[in-house]
Amino acid sequence: MKRFLLLFAVASLPMLVLAQPGEEGPQDTAWKKIYRESYNRVNDLVHTKLDVKFDFDKSYLYGKEWVTLTPHFYNTDSVLLDAKGMDIKEVSIVNGTSKTPLKYQYDGMLLNVKLNKVYTRNDKYTLYIDYVSKPDELKVQGSAAITDAKGLYFINPKGAKKDVETQIWTQGETEGSSVWFVTIDKPNQKTTQEISMTVPAKYITLSNGLKVSEKKNTDGTRTDNWKMDLPHAPYLFFMGVGDFAIIKDKPYKGKEVSYYVEKSQAPYAMKVFGNTPEMIQFFSDKLGVDYPWAKYAQIVGREYVSGAMENTTATLHQDGAYQNNRQLADGNGWEETIAHELFHQWFGDLVTAESWSNLTVNESFANYSEYLWDEYKYGKDYADEHNVEDMQGYIMSGSEGKDLVRFHYADKEDMFDAVSYNKGGRILHMLRNYVGDDAFFKSLNNYLTTNKFKAGEAGQLRLAFEEVTGKDLNWFWNQWYYGSGHPKLKVSYNYDIPGIPGTTEVIVEQTQKSGKVFTLPVAVDVYTNGKAERYNIWVKNAKDTFYFKTAVKPELVNFDADKILLAEKADNKTEDNFKAQWKYAKNYVDRKEAIEFFAKKSMPEIAKGLNDKFGGLRQLTITKIAATPYKTDKVVLEEIERIAKTDNNKKAKAAAIGFLVKNGDAKYAPIYQAAVTDSSYTVAGAALKGLVALDGPNGYTLAKKYGSDAKGALSNAIIDILIAQGTEADFDFVVNAYKEAPLSQEKIGLSDKFVSYLIKVNDITKIKSGIDKIIEFRNAIPAAYRGYVDPSFKASFDRLSKAKGTEIENYIQTNFK
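Residues numbered from 1 in each chain as written. Predicted model: local features only at pLDDT ≥ 70, side-chain atom pairs only at ≥ 80, totals over all residues. Heavy atoms only, no water.

1. Observations concerning the pairing of strand β25 (residues 520–528)
With seven of nine residues buried, β25 is to be regarded as a mostly interior element. Bridge count for β25 against strand β26 (residues 531–539) is nine bridges, and the pairing is antiparallel. Within the sheet, the bridge partner assigned to proline 521 lies in β26 and is tryptophan 538. Between β25 and β26, which pair antiparallel one after the other, the connecting turn spans two residues, and asparagine 529 there sits at a positive phi close to 55°. With four bridges connecting them, β25 and strand β28 (residues 556–559) associate as antiparallel partners. Note on β28: the bridge partner recorded for valine 524 is phenylalanine 559. (Buried < 20%, exposed > 50% of the residue type's maximum accessible area, 1.4 Å probe, protein only. Helix = DSSP H or I, 4+ residues; strand = E, 2+ residues; numbered from the N terminus. Pairing = 2+ DSSP bridges.)

Laid out in structure tokens, this is it:
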């Protein structure tokens, strides 16, 4: 699962106002003594057959199930099944064409069935279960990454919301599938499946595997039959129902590749998802394991509770995947998520984590697939930028005390964090660098082929690598998989050491306070006369000193030359060293570090970044220059003006326009006028701010002029104008723009601005509607992170209550909980 909200929270929430110490009650730490073992397999699933119908008025599912099982090893006369919040009507054993009722006990969560005899591991038996699923009546807890976990979701089932289509979709991970069918809802179980769905004939259905038949019924419904011949885990079962358009891409080796989207989004589907066939080919080639399933479909669900989910053959995305042409002009903001979920079809679906403690063998790989795809499709700079962002997301998360493989946690949902995702991906990046590309991908092939259609864990991954490489890798696994934290390094350099002429000294100190000392294989490049000599060293102690023979003083000693370490680093280079680093060391991080150093020291070399080959670093340079004396330099301004006019990277272009806006010179008005109709909302938004800065009184007119097609940065710029200059007549635009703003750090600030606008509104109904939209956004933030954001929301609501009086104050108190 791509925990999209998790990334927002990890990267952004530490910057928000935190709850004061003592505001929360004492924490329950009993879980620290509970060992989270793999689920004890007494019985194994073999095949699951479902026949389901939906009650849209009640949000019920009426199900008939035939589940075939076998004892795992020991003889048994009972079976314990997960069945959350159901009405169980019948449990029987199937004997050919007849069935015999069985005795059972049911507590609302677990169904304990007494079988008709003792079964051995050579036997199979089939249970028939008649049940009703009531997901909206089940009280379950979500996690830091998923807002709730009721398994089956009816979206606008009665059609009460005019702007939301009626849909049904399911979310199984972690153990939510047992809300809508009876199963052993554990990741170390695998089963084939058949699902028959009866729905209103106007709707499209999607499930795992292939649709093998459909039948029109006399009551205006249609029954679709889906079949999955290969086994997979119960949490990967999926049903989707809605009025979707099906966009079929070119098949992959005869296997259907398709996209299920709302009909209004059909024109954009190929631009959003259209790289999927190439991704399938790329990942198949890299892994040496061809895409294993019968098809690959992707569907977009309204009000989805997380980022995306890798249901086998049928990935579900949240509606943030929807983008129009102008949004896509800035780059496909969903493409890494598409890669992430596709890679799960191998790591997670073909081989599944045998317990949530070993989630890394699912999510760390999916996270790292984003880097692999970026590197292949868009180049190493693009991938390295993403790598740095993910590493910073982990470092800022405050998760240093958590092992990657964790056998102690409060709730299984807690495993879906920046350690399992961001840190795990960076660990794979280091492992790839250490063993080499050929060995890395051969090892992944070994792991997949050895464990296909079974469960896997980190130990099996180690064995796969050791078998391929011939290396003992216990040290790496113990340090990174079964250990916590990361190194914090202080690197110092000396030349002409007394008594050791012609020698360069590099001192590496590990300064992390945990007391743990990391073993780090590191590449060091020593530059003399512009040429690098590579040395491979091992950092193994709290303080290590390395000596390198150098005929002359090196221009640069580049520690961690490949820039792959998961570490925080204080690198005591000189100004001349960083000049040489900019000139000679060509990795993204090398150039980024140099730009940041030039900015910190207010060195004129900062301007060199304006001509960097990578748009992300040109954008960074513009941002950094704004805080230096060179922001008014004539040559610098000319370069930034050039970027604002002609740069092919939309984000760099927008940053350049934003820089010129702050300069305040009216001579740049033609640039703003030309850019305000740019295909990119980001560029257009920056340009609109420029026009308003030069002609404030005309801002309202400009906002109305460009507001008919506005999202992202352009929408935010217009909201700012309408909050300052707009009237109550603009309510529909403002509230819709706020609603459509993506979940992000920026929306926290936008919420406060939106409250400022609501203070100007007199219609109580409209004010309450606006409050509802803010609360919907707040509730979409996972509960574990609300302690960070609630002070901001509360301060905004207090302002609104004070301005609007008792009725609004009471409304907020009733609904903001």
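Alright, that's what it looks like, and here's the rest.
2. Here we look at the packing of aromatic side chains
Tallied over the full model, the rule gives 48 aromatic pairs. Residue placement shows lysine 49 over the ring face of tryptophan 66; its charged tip is 5.4 Å from the ring centre. Here lysine 186 stacks its cationic end above the ring of tyrosine 39, 4.9 Å away from the centre of that ring. (Phe/Tyr/Trp six-rings, centres within 6.5 Å; stacked < 30°, edge-to-face > 60°. Lys NZ or Arg CZ within 6 Å of the ring centre and 35° of its normal.)

3. With respect to the sheet that holds strand β19 (residues 308–309)
Taken together, the five strands give an open sheet; going across it, the order is β16-β17-β18-β20-β19, and neighbouring strands pair in mixed fashion. Of all strands in the sheet, those with a lone pairing partner are β16 (244–248) and β19, marking the two edges. Summarising the sheet, β19 and strand β20 (residues 314–318) pair through two bridges and their orientation is antiparallel. Note on β20: the bridge partner recorded for alanine 308 is histidine 317.

4. Quick word on empty space enclosed by the protein
Taken as a whole, this structure holds one cavity of 30 Å³ or more when the rule is applied. Computed from the structure, the largest cavity encloses a volume of approximately 40 Å³. Lining the largest cavity are Val261, Gln265, Tyr268, Ala269, Val272, Phe273, Ala321, Tyr322 and Gln323. It is helix α2 (residues 269–273) that contributes the most residues to the lining of the largest cavity, three residues altogether. Of the residues belonging to the lining of the largest cavity, the class tally is seven nonpolar, two polar and no charged. (1 Å grid on protein atoms, 1.4 Å probe; cavity = no way out; pocket = protein on both sides within 12 Å on 5 of 7 lines; lining within 4 Å. Points joined across faces, edges and corners; volume = space filled by probe spheres on them. Nonpolar A, V, L, I, M, F, W, Y, C, P; charged D, E, K, R; others polar.)

5. Topic: the environment of threonine 469
With respect to the helices and strands, threonine 469 occurs in helix α10 (residues 458–469). Distance from threonine 469 to alanine 741, taken between C-alpha atoms, is 48 Å for residues 272 residues apart in sequence. Sequence-distant contacts of threonine 469, defined by excluding residues within four places in its chain, comprise Val435, Ala439 and Ser443. One polar contact links the side chain of threonine 469 to the main-chain carbonyl oxygen of phenylalanine 465, over a distance of 2.8 Å. Among the polar contacts listed, one links the side chain of threonine 469 to the backbone nitrogen of lysine 471, at a separation of 3.1 Å. (Contact = heavy atoms within 4.5 Å. Polar contact = N/O pair within 3.5 Å; in protein donor to acceptor, adjacent residues only side chain to side chain.)

6. Topic: the pattern of salt bridges
Tallied over the full model, the rule gives 55 salt bridges. Lysine 579 is the partner of aspartate 576 in a salt bridge, and the nearest nitrogen-oxygen pair spans 4.0 Å. Of this pair, aspartate 576 and lysine 579 are both found in helix α12 (residues 575–584), three residues apart, which corresponds to roughly one turn of the helix. A single network of salt bridges, built from pairs that share partners, joins Lys211, Glu214, Arg222 and Asp224. (Salt bridge = Lys/Arg side-chain N within 4 Å of Asp/Glu carboxyl O.)

7. A few points about the confidence of the model for the chain
Atom-level detail of predicted coordinates should not be read off regions where pLDDT is low. Here the chain averages 94 in pLDDT, and 96% of its residues register 70 or above. pLDDT under 50 marks residues 5–25. Its contacts with residues more than four places away, or in other chains, come to 43 contacts. (pLDDT = per-residue confidence, 0-100.)

8. Focus: the packing of α12 against helix α13 (residues 588–600)
Between α12 and α13, the shortest axis-to-axis distance is 9 Å and the interhelical angle comes to 140°. The angle between the axes of α12 and α13 places the two elements in the oblique class. Pair α12 / α13 crosses with left-handed handedness. Between α12 and α13, the contacting residues are Glu575, Phe578, Lys579, Gln581 and Trp582 on the first element and Asp590, Arg591, Glu593, Ala594, Ile595, Phe597 and Phe598 on the second. (Axes fitted to C-alpha atoms, helices over the stretch in contact; angles between N-to-C directions. Parallel < 35°, antiparallel > 145°, perpendicular 65-115°, else oblique. Left-handed = near helix turned anticlockwise from the far one by under 90°.)

9. Considerations on the sheet that holds strand β23 (residues 488–497)
Note: strands within a sheet are paired through backbone hydrogen bonds, in either parallel or antiparallel orientation. Pairing within the open sheet is mixed, and its four strands lie in the order β27-β24-β23-β29. A single partner strand is all that each edge strand has here, and the edge strands are β27 (543–549) and β29 (568–571). Each strand of the sheet is rotated relative to its neighbour by a mean of 20°, with strand direction disregarded. Pairing analysis gives seven bridges linking strand β24 (residues 500–510) to β27, with the strands arranged antiparallel. Residue isoleucine 507 lies in a different strand from β27, and its bridge partner there is threonine 545.

10. Digging into the pairing of strand β17 (residues 257–262)
For β17, a buried count of six out of six residues is recorded, marking the element as mostly surrounded by other parts of the structure. Taken together, the four bridges between β17 and strand β18 (residues 296–301) define a ladder with parallel strand orientation. Counterpart to tyrosine 259 in the pairing with β18 is glutamine 298.

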